Amino acid sequence: MTTSARPRIAGENNRSRRDRARLRLVVTIGVPAVVAIVCLVAAVLTSARRVDEASFDHERQLIQQAIADRGTRILREVESVAATPDATQAIRRDDDPQWVERRIGKWLEDFFDHDVVLVVDGSDRLQYTRFRASGDAGATELAKELAASFGFLRGRRLPSDSLRLIAAPDAVEPGRSAVLIQHLPNGPAIVAAVAVGSDSDLASGNPSAPIVASVKYIDDDMLREIGNRLQLPGLHAIGDAAPALDKEAATIADAKGQTIARFAWQPVRPSGQIAGYVLPFIALAIAGLAVLLGLMVRHMRRSERAIAAGETQLRHLALHDPVCGLPNRIYFGERLETVIDEVRHGGPSAAVFYIDLDHFKDVNDTLGHHIGDELILKVTQRLSRVMRGDDLVARLGGDEFAIITSCTSDSYTLQATAGRIIAAICAPYAIKGHNIIIGASIGIAVIDRRAGDAGDILRYADMALYRAKNEGRNRACIYDAAMDADLSQRKLLEGDLLEAIENEGLKAAYQPIVNASGETMIAVEALARWTHPRAGIISPAEFIPVAEHSGLIIQLGEWMLRRACLDGGNWPGLTVAVNVSPLQFRRSDFVDVVERILKETDFDANRLELELTESTLLGNLETAEQSMLRLKAIGVRFALDDFGTGYSSLLYLRRFPFDKLKIDSSFVRSIETAPDAAAIVHAIVSLGRGLGMKVTAEGVENAEQHLFLRAAGVHSMQGYRFGRPGPAANIDARLASPDDYRVGRPDQEVALAS
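Only a predicted model underlies this, so the values are computations on that prediction, with no experimental measurement involved.

*Asks:* Would you mind showing me how to read the sheet that holds strand 10 (residues 350–358) here?
*Replies:* Whether parallel or antiparallel, the strands of a sheet pair through hydrogen bonds between backbone atoms. Strand order in this open sheet of five strands is 11-12-10-15-16, and the pairing throughout is mixed. The outermost strands of the open sheet, each flanked by one partner alone, are strand 11 (392–397) and strand 16 (476–478). The sheet shows a mean angle of 20° between the axes of neighbouring strands, direction not considered. With five bridges connecting them, strand 11 and strand 12 (residues 400–406) associate as antiparallel partners.

*Asks:* I keep staring at the nonpolar core and nothing clicks. Help me out?
*Replies:* Within soluble globular proteins, side chains that are nonpolar tend to cluster in buried spots. Of all hydrophobic cores here, the largest spans 73 residues; its most connected members are Tyr 510, Leu 608, Leu 610, Phe 658 and Leu 709. Counting residues in each nonpolar core, the second largest holds 40 residues, with Ile 91, Ile 104, Leu 223 and Ile 260 among its members.

*Asks:* How should the pairing of strand 21 (residues 608–612) be read in this particular structure?
*Replies:* The two faces of the sheet receive side chains in turn, since in a regular strand these alternate between them. The buried fraction of strand 21 is high, at five of five residues. Taking every second residue as pointing to the same face, both faces of strand 21 are buried, with Leu 608, Leu 610 and Leu 612 on one and Glu 609 and Glu 611 on the other. Taken together, the four bridges between strand 20 (residues 575–579) and strand 21 define a ladder with parallel strand orientation. If you follow Asn 579 over to strand 21, its bridge partner there is Glu 611. As paired elements, strand 21 and strand 22 (residues 637–643) share four bridges and run parallel to each other. The partner of Glu 611 across the bridge, within strand 22, is Ala 639.

*Asks:* Quick question: what am I supposed to make of the sheet that holds strand 8 (residues 248–253) here?
*Replies:* As summarised here, the arrangement of the three strands in space is 7-9-8, forming an open sheet in which the pairing is antiparallel. Two strands close off the open sheet at either side, each with one partner strand: strand 7 (236–237) and strand 8.

*Asks:* Teacher, can you tell me more about the pattern of salt bridges here?
*Replies:* Opposite charge on two side chains lets them pair, provided their charged atoms get close. A full pass over the atoms with the stated rule returns 31 salt bridges. Here Asp 356 makes a salt bridge to Lys 469, at a shortest N to O gap of 2.6 Å. Taken as a pair, Asp 356 in strand 10 and Lys 469 in helix 13 (residues 454–470) lie far apart in primary sequence, 113 residues in all. Judged on exposure class, the residue Asp 356 and its partner Lys 469 are both buried. Ionic pairing is found between Lys 662 and Glu 611, a salt bridge with its closest N-O pair at 2.7 Å. Placement of Lys 662 in strand 23 (residues 660–663) and of Glu 611 in strand 21 is noted, with a sequence separation of 51 residues between them. Looking at Lys 662, the relative accessible area reads 1%, which means it is buried. When its relative accessible area of 1% is taken as the criterion, Glu 611 is described as buried. Because the salt bridges share partners, they merge into one network encompassing Glu 525, Glu 611, Lys 662 and Glu 698.

Cut-offs used in this document
Residues numbered from 1 in each chain as written. Predicted model: local features only at pLDDT ≥ 70, side-chain atom pairs only at ≥ 80, totals over all residues. Heavy atoms only, no water. Pairing = 2+ DSSP bridges. Helix = DSSP H or I, 4+ residues; strand = E, 2+ residues; numbered from the N terminus. Axes fitted to C-alpha atoms, helices over the stretch in contact; angles between N-to-C directions. Core = buried A, V, L, I, M, F, W, Y, C linked by side-chain atoms within 4.5 Å. Buried < 20%, exposed > 50% of the residue type's maximum accessible area, 1.4 Å probe, protein only. Salt bridge = Lys/Arg side-chain N within 4 Å of Asp/Glu carboxyl O.

Printed below as a string of structure tokens:
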């Protein structure tokens with residue numbers, strides 16, 4: 001055999017082996033594939049119709065449920081204006097048609113697009129009607145059509161023809177409200193009816209209560225919206241007509257099976273999709289296994305592309321915030337790692353701005369989460385405008401945002417950028433009739449070539465943010481190495497403070513409050529003191545901010561109030577003043593806690609004085625006023641502490657039932673050196689007296705200050721001149737021997753000049 005022939009023979013042998021292998025593959029795969037295809041065709045033809053019917057039934061249920069959900073929403077809209085004390089006053093008692101027009105008829109039409117609004121009296125006589133469009137049936141005829149709804153609310157059984165109860169299809173007992181689907185002269189409609197009255201008025205039923213009813217026709221607009229949401233194209237009402245051949249119909253019927261409304265739509269036919277996938281395989285399998293394999297490969301490739309597209313969409317959802325669309329914490333972390341790597345390899349330096357919105361929780365609590373979400377969107381828009389296009393703005397969660405920006409690392413540039421951010425966020429927001437003002441605190445961490453990983457950078461920014469909040473909020477702080485030690489110390493202090501609260505490691509000190517002459521003790525202020533077992537005495541200026549930041553201030557404040565009431569029970573005739581933190585006061589159970597402690601300690605509420613600062617009231621006006629009035633009703637008194645150092649808003653003095661103003665010690669210390677401080681003190685005293693409030697001066701340390709304040713008309717004073725804070729035993733001793741504690745003793749040797 002020649003040398004040249006060997007490769008040829010070898011090639012022929014290889015081809016032969018490949019052909020045999022291919023034949024075996026065809027036989028091995030083709031025969032089972034043909035058998036499988038035949039079985040599959042039979043199965044597909046048998047089950048396709050069943051799949052279609054199941055799909056049609058599911059879509060019918062979706063349509064019926066969507067209309068039921070719309071009915072429930074319409075009922076809530078009517079209840080929001082009719083089931084209120086204002087509605088009871090205006091309709092049942094005042095018969096105020098202008099109020100009904102403005103707050104019910106016009107409100108439901110303008111804001112919720114209701115088609116017809118009616119009000120009937122206890123005898124179902126029309127008192128008010130409002131039609132959205134001309135051409136509707138007359139008010140009297142429509143009221144007759146709605147008589148069944150009114151009757152159901154008045155205790156009669158629901159008729160079984162021409163209407164259907166949405167909220168509870170099997171319900172037979174009436175309630176305060178009802179929502180039904182009914183066929184009216186202008187077509188099928190959702191009818192929501194609400195009895196007007198207080199809970200006590202309606203406790204025995206609604207036989208004579210006025211009723212507010214609203215009609216929302218199931219028209220093309222509503223069906224188009226439902227169809228778009230459910231992905232059911234061409235959803236429309238067909239009345240008694242038969243649906244087109246390529247469409248399916250859904251029926252809403254009453255209890256007797258009589259049709260109220262019928263709808264048609266273009267259904268999804270899974271059988272067509274199944275056939276579209278299966279039949280090409282069958283045809284190609286008959287033509288040859290090679291073609292079948294090719295189609296399988298193509299199908300696999302399509303599936304891969306679909307999966308890739310789905311993964312892309314899922315990744316977008318996983319990496320972006322659902323409320324505002326900004327990148328979320330995961331995306332931010334990935335981008336931060338990338339930026340850190342670029343900076344390490346010679347890229348420009350960058351910085352992370354960690355932003356926390358001040359008073360955002362107050363907006364959520366007082367105005368609702370829907371307003372809070374709208375506020376988040378507004379903040380997002382402002383941040384996007386104030387930053388450059390290549391900066392990353394992300395929402396890390398709740399009221400926290402973060403920005404990665406390329407910039408120089410000098411503090412002037414960083415603070416200037418932070419200033420622009422704070423100015424943008426702090427500008428007032430107008431959201432759905434509410435004028436909202438919030439603040440922003442910012443922690444800044446620089447990314448340079450020595451930067452650690454993303455976790456370190458975020459930790460640095462968080463520490464800087466904590467510093468910014470502690471320094472008064474609405475400001476920015478840049479991380480420095482000293483903050484690490486501060487954080488570690490704060491965490492240790494936080495744990496020790498919790499242990500101290502739980503194990504009676506804290507003590508209460510009491511500082512006397514005397515009358516204007518300084519000779520008679522009329523009250524005491526309770527102050528928390530902490531002697532650490534290892535670190536010794538820890539100042540309240542150090543552990544109180546830790547308690548507020550960690551939330552321990554709630555437990556600390558409750559412990560302090562209980563301790564003060566227990567000790568104060570031994571001092572009849574003395575008022576006991578206790579400081580209340582903003583976090584403590586804003587809790588929904590604060591009033592209940594105070595009442596419970598007063599009862600458990602058997603302490604007279606008339607001798608308890610709660611000291612609040614103006615920051616406690618910010619963004620919390622309605623809730624604060626209600627809490628104060630509840631406590632005032634049982635005798636508790638209130639003092640506005642540190643007056644003159646905050647907003648000093650006259651609105652607070654006029655609106656809230658304060659009994660006392662406390663002049664901050666900073667003004668008292670400046671009386672002798674700053675004429676304006678003396679003028680401010682005079683103004684505060686005059687203001688307090690004019691409003692019928694007592695005025696107390698804090699921080700009185702010498703005879704000159706005492707004489708000035710007494711001449712200015714201050715009612716009471718406290719300070720080192722009259723006694724330092726001490727244990728309860730000091731107060732016992734002072735009450736037992738008042739002559740030993742006249743002004744000037746024991747804290748100073750010089751007695752008050754006469």
